[in-house]
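Observations on chain architecture
Below, each chain spelled out in residue letters.
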Amino acid sequence: MDKDKNGVVIKVIKGVGFAVALFIIIPAIIVSVSLFPCLETSNDWIGFLGSYLGSILGGIITLLVMQKTLVSSKELQRRDERRQLCNHIASLSSDFCIELMAYRSKWKMLYNQAQGQSIDAEKKIELGATTEKPRRIMFEMEILLCDVEAANDCLEYMKYLLSDAELTKKSLQETEELLNRFRQKIRTLISSYLKERH
């Protein structure tokens, strides 16, 4: 990003230098060639030079202001897109936590109904369907965050939480602690993502 800014600054300096050179060279050529004999008096010359320089300077200033406005507008648009993505990630994370708690509750209920015996295949299929939404959420987040390096930790933690062995063995308090850790990872991710500059 700094190289781009330096390149723009150098181009602007070259452009201004070229314009100043033209301001000096063109009037000097006009005076030396005397193409305009009507410019004999000093008042006529000052009027011509003033309007000439004023129009060129006005054009250059207009171009510089327009360029700065475009750059600023693009930056605001990028920032807005990043905020929208972060809001979507926060919403997906919330849904993920809610769905995992529903999965855990359903698993505990089925386990208690089986009274320590193995859960039959039909119930396991029903339980597997409960993890469908959190898995879809994780997949969507993987796609959204594929270019964000800081997201790898969060995505790995989501996979860890989705592993069947993990949540089913945890108490409600332990599950809440795991989900709080996940929420903290998401907050850290969003905060660092919003601070990044592209």
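What this report covers is the structure whose coordinates are included nearby. Position numbers for residues start from 1 in each chain and track the written sequence from start to end. The predicted origin of the model limits local features to residues at a pLDDT of at least 70 and limits the giving and counting of side-chain atom pairs to 80 or more, whereas totals for whole chains, interfaces and linings rest on all residues. Only heavy atoms go into the side-chain values, all of them from the structure, while hydrogens and water stay out.

**Brief notes about the packing of helix H5 (residues 151-162) against helix H7 (residues 172-195)**
Going by this rule: In this description, a line fitted to the C-alpha atoms serves as the axis of each element, helices being fitted only across the stretch in contact, and the angle between N-to-C directions of two axes falls anywhere from 0 to 180 degrees. Only runs of H or I of at least four residues qualify as helices and only runs of E of at least two qualify as strands under DSSP, and these elements are numbered from the N terminus. Here is the rule for angles: anything less than 35 degrees is roughly parallel, anything more than 145 is roughly antiparallel, 65 through 115 is roughly perpendicular, and the remaining ranges are oblique. By the definition used in this description, the sense in which the near helix is turned from the far one sets the handedness, with an anticlockwise turn below a right angle giving left-handed and a clockwise turn giving right-handed. The contact rule is simple, with two residues in contact once any of their heavy atoms fall within 4.5 Å. For this classification, Asp, Glu, Lys and Arg are treated as charged, while Ala, Val, Leu, Ile, Met, Phe, Trp, Tyr, Cys and Pro are nonpolar and the rest, including Gly, are polar.
The interhelical angle for the contact between H5 and H7, taken along N-to-C directions, is 160 degrees, at an axis separation of 9 Å. Looking at the two axes, H5 sits roughly antiparallel to H7. Crossing handedness for the pair H5 and H7: left-handed. Contacts from Ala151, Asp153, Cys154, Tyr157, Met158, Tyr160 and Leu161 of H5 reach H7 at Leu178, Leu179, Arg181, Phe182, Lys185, Ile186 and Leu189. A breakdown of the residues in the contact of H5 with H7 according to their chemical character gives eleven nonpolar, no polar and three charged.

**Focus: H7**
Which entries qualify depends on this criterion: Every helix has an expected span of 1.5 Å times one less than the residues it contains. Accessibility here uses a 1.4 Å probe with only protein chains present; expressed as a share of the type maximum, an area under 20% marks a residue as buried, one over 50% as exposed, and anything in between as partly exposed.
For H7, which comprises 24 residues, the first-to-last C-alpha distance of 35 Å matches the rise-based estimate of 34 Å (1.5 Å per residue) to within 8%. The complete set of buried residues in H7 reads Thr175, Leu178, Leu179, Phe182, Ile186, Leu189, Ile190 and Tyr193.

**Some details on the packing of aromatic side chains**
The test is simple: Aromatic pairs are defined between Phe, Tyr and Trp rings, using the six-membered ring for Trp, whenever the two ring centres lie within 6.5 Å; interplanar angles under 30 degrees are classed as stacked, those over 60 as edge-to-face, and all others as tilted.
Here the structure, examined in full by the defined rule, presents two aromatic pairs. A ring pair is formed by Phe96 and Phe182, whose centres lie 5.3 Å apart and whose planes are at 50 degrees; its orientation type is tilted. Linking Phe96 in helix H2 (residues 42-114) with Phe182 in helix H7, this pair joins segments that are 86 residues apart in sequence. Of the residues examined, Phe96 reaches a relative accessible area of 0% and is grouped as buried. Exposure remark for Phe182: the relative accessible area of 0% places this residue in the buried category. Plain terms: the ring middles of Tyr157 and Tyr160 are 5.6 Å apart, the flat faces sit at 40 degrees to each other, and that makes the pair tilted.

**Describing the nonpolar core**
Cut-off, in case you're wondering: Put simply, a nonpolar core is a bunch of buried Ala, Val, Leu, Ile, Met, Phe, Trp, Tyr and Cys residues held in one set by side-chain atoms that sit within 4.5 Å of each other.
Among the nonpolar cores identified, the biggest contains 27 residues, and Phe96, Met141, Met158, Leu161 and Phe182 are the most heavily contacted of them. Contacts of Phe182, omitting those with residues within four sequence positions, involve Ser93, Phe96, Cys97, Cys154, Tyr157, Met158 and Leu161.

**A word on the pattern of salt bridges**
Note the threshold: When a carboxyl oxygen of Asp or Glu lies within 4 Å of a side-chain nitrogen of Lys or Arg, that pair is called a salt bridge.
This model, assessed by the stated rule, comprises five salt bridges. Salt bridges here are not isolated pairs; linked through shared partners, they connect Glu142, Glu156 and Lys159.

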